[in-house]
Amino acid sequence: MMNLRRLSSALLVCMALTSCSETGPAQLTGYVEGEFVRVVAPFAGALVKLHVRRGQHIEAGMPLFSLEDENEASARKMAAERLQSAQAHLDDLMKGKRSEELDVTRSQLAQSVAMEKISATQLDTSRELVAKGFVSRVQEETAQANNLRDRARIAELEHQLTASQLGGRVDQLRIQKAEIAVAKAQLRQSDWQLRQKSGVATRAGLVFDTLYSEGDWIASGNQVITILPPGAIKVRFFASTAALASLKVGQTVKVQCDGCAREVDARINYISPQAEYTPPVIYSKDSQAKLVFLVEALPVDARDGFTLHPGQPIRIGMPR
């Protein structure tokens, strides 16, 4: 492809030089070139569906191709389930224990209150018997220890009941919220990767070429479709040093081609500051005639671009 372009450029340069030498600077030759949009596949995969064909006019947003996406779809589903699980865990931490678990703790607390009343009564009885000398002080101390034990158990269950009605600790909630943020980021990444398996037109234009057929394996980064947007046509021609004096950026030239119904006006938007195909040794009056400069021009009316085709030879009518 590159060798063909170099050969075409060389032939056009020769044509330009011949035209100048035979007919003067009134007309130059060149060719049409397109500013293509090259749609690539960011990820590798088999081409499942090609939604467009060569020569078809498309609008922005239209689907172009679809690659197999089973792996990406599974990863997306896994990320969604991970986010759902993390959110459920956070909700559970916010709620505290279930009502059934709280009922068990309340029952244990009621039982402990009843036991404390019994031990308190036994303590009072032991004190009276010790005061009358019927029992030893050891029995009173034992009854007092039992009552202290029951009162401590009541305090424990009351704290446990209060804590069970609270949500998770602040640090636990912070960690779980961070887990949810990570899960959301993974889901967004999975969504993006899944979308990359389907090519979509970013601009309207003409499908200039499709490089693969359905069933082909496409490597990551390979071009799949070439689109030529409207107004993306330009003409390129080469001007000799003599003709260059009559050209400037912003100037309008006439573009002619075989088969064209009329001339197309094109405005020069670029003149190369560097000569091409310069003789390798020294400049002389004889070699100066061989120096050419690349010039590019865009159709003044974008609709005229539809009458020109990439690779088409053209002739440039020089302004006088």
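The following refers to the structure shown. Per chain, the residues get numbers from 1 upward, laid out in the order the sequence is written. Owing to the predicted nature of the model, reporting of local features is limited to residues with pLDDT of at least 70; listing and counting of side-chain atom pairs is limited to 80 or more, with chain, interface and lining totals taken over all residues. Here the side-chain values reflect all heavy atoms present in the structure, with hydrogen atoms and water set aside.

**Structural notes on the overall build of the protein**
- Counting from the N terminus, the helices are the DSSP runs of H or I reaching at least four residues and the strands are the DSSP runs of E reaching at least two. What the protein contains, in helices and strands, is seven helices and 14 strands.
- By residue count, 34% of the 320 residues in the protein fall in the buried class.
- Each accessible area is a Shrake-Rupley result for a 1.4 Å probe, and residues are judged covered by the shown protein chains and nothing else. When the accessible surface of the protein is summed, it comes to about 19,700 Å², and 54% of that surface belongs to carbon and sulfur atoms. Buried means the residue's accessible area, taken with a 1.4 Å probe over protein chains only, is under 20% of the maximum for its type, while exposed means over 50%, and partly exposed covers the values in between.

**Focus on the side chain of threonine 210**
- Positionally, threonine 210 belongs in strand E7 (residues 205-210).
- When residues no more than four places from it in sequence are discounted, the contact partners of threonine 210 are Leu50, Val52, Arg54, Val224 and Ile225. In this analysis, two residues are considered to be in contact whenever any of their non-hydrogen atoms come within 4.5 Å of each other.

**A short note on the pattern of salt bridges**
- A pair is scored as a salt bridge if a Lys or Arg side-chain nitrogen falls within 4 Å of a carboxyl oxygen belonging to Asp or Glu. With the rule as written, the count across this model stands at 15 salt bridges.
- A salt bridge links aspartate 265 to lysine 254, with the shortest nitrogen-to-oxygen separation between them at 2.7 Å. One end of the pair, aspartate 265, is in strand E12 (residues 264-271); the other, lysine 254, is in strand E11 (residues 252-256), with eleven residues separating them in the sequence.
- The class for aspartate 265 is partly exposed, based on a relative accessible area of 29%.

**A few points about the state of the cysteines**
- Cysteine sulfurs are considered disulfide-paired once they come within 2.5 Å of each other. In total, this model carries one disulfide according to the counting rule given.
- One disulfide bridge connects cysteine 257 with cysteine 260, the sulfur atoms lying 1.4 Å from each other.
- Exposure remark for cysteine 257: the relative accessible area of 7% places this residue in the buried category.

**Quick word on helix H5 (residues 170-195)**
- Under the 1.5 Å per step criterion, the end-to-end length of H5 is 38 Å for 26 residues, consistent within 8% with the ideal 38 Å.
- When H5 is considered as a whole, its buried residues turn out to be Leu173, Gln176, Ile180, Ala183, Leu187 and Ser190. Under the convention used throughout, the expected extent of a helix is 1.5 Å for every residue step, that is, one less than its residue count.

**Some thoughts on the environment of aspartate 91**
- Note that aspartate 91 resides in helix H2 (residues 70-95).
- For the pair aspartate 91 and leucine 173, spaced 82 residues apart in the sequence, the C-alpha separation amounts to 9.7 Å.

**Description of the packing of aromatic side chains**
- Any Phe, Tyr or Trp ring, taking Trp's six-membered ring, that has another such ring centre within 6.5 Å forms a pair; planes under 30 degrees apart are called stacked, those over 60 apart edge-to-face, and the others tilted. For the structure on display, the rule yields two aromatic pairs.
- Between phenylalanine 36 and phenylalanine 208, the aromatic rings sit 4.6 Å apart at their centres with planes inclined by 50°, giving tilted as the arrangement. Here the residue phenylalanine 36 occupies a position in the loop between strand E1 (27-34) and strand E2 (37-40), and phenylalanine 208 occupies one in strand E7, the gap between them amounting to 172 residues.
- Ring plane angle 75° and centroid distance 5.7 Å describe the contact between phenylalanine 43 and tryptophan 192, whose orientation is recorded as edge-to-face. Here phenylalanine 43, found in the loop between E2 and strand E3 (45-50), pairs with tryptophan 192, found in helix H5; they are 149 residues apart in sequence, far enough to count as distant.
- On the basis of relative accessibility, which here comes to 41%, the residue tryptophan 192 falls in the partly exposed class.

**As for the environment of leucine 157**
- Structurally, leucine 157 is set in helix H4 (residues 137-164).
- On the basis of relative accessibility, which here comes to 0%, the residue leucine 157 falls in the buried class.
- On a C-alpha basis, the gap between leucine 157 and arginine 106 in space is 7.9 Å, while along the polypeptide they are 51 residues apart.

**Here we look at the side chain of serine 126**
- Mapped onto the elements of the fold, serine 126 is located in helix H3 (residues 99-132).
- Of note is the side chain of serine 126, whose polar atom sits 2.9 Å from the backbone oxygen of glutamine 122.
- Not counting chain neighbours up to four residues away, the residues in contact with serine 126 comprise Val135, Gln139, Glu140 and Ala143. Here a polar contact is taken to be a pair of N or O atoms separated by no more than 3.5 Å, where protein atoms must pair a possible hydrogen donor with a possible acceptor and residues adjacent in sequence count only if both atoms sit in side chains.

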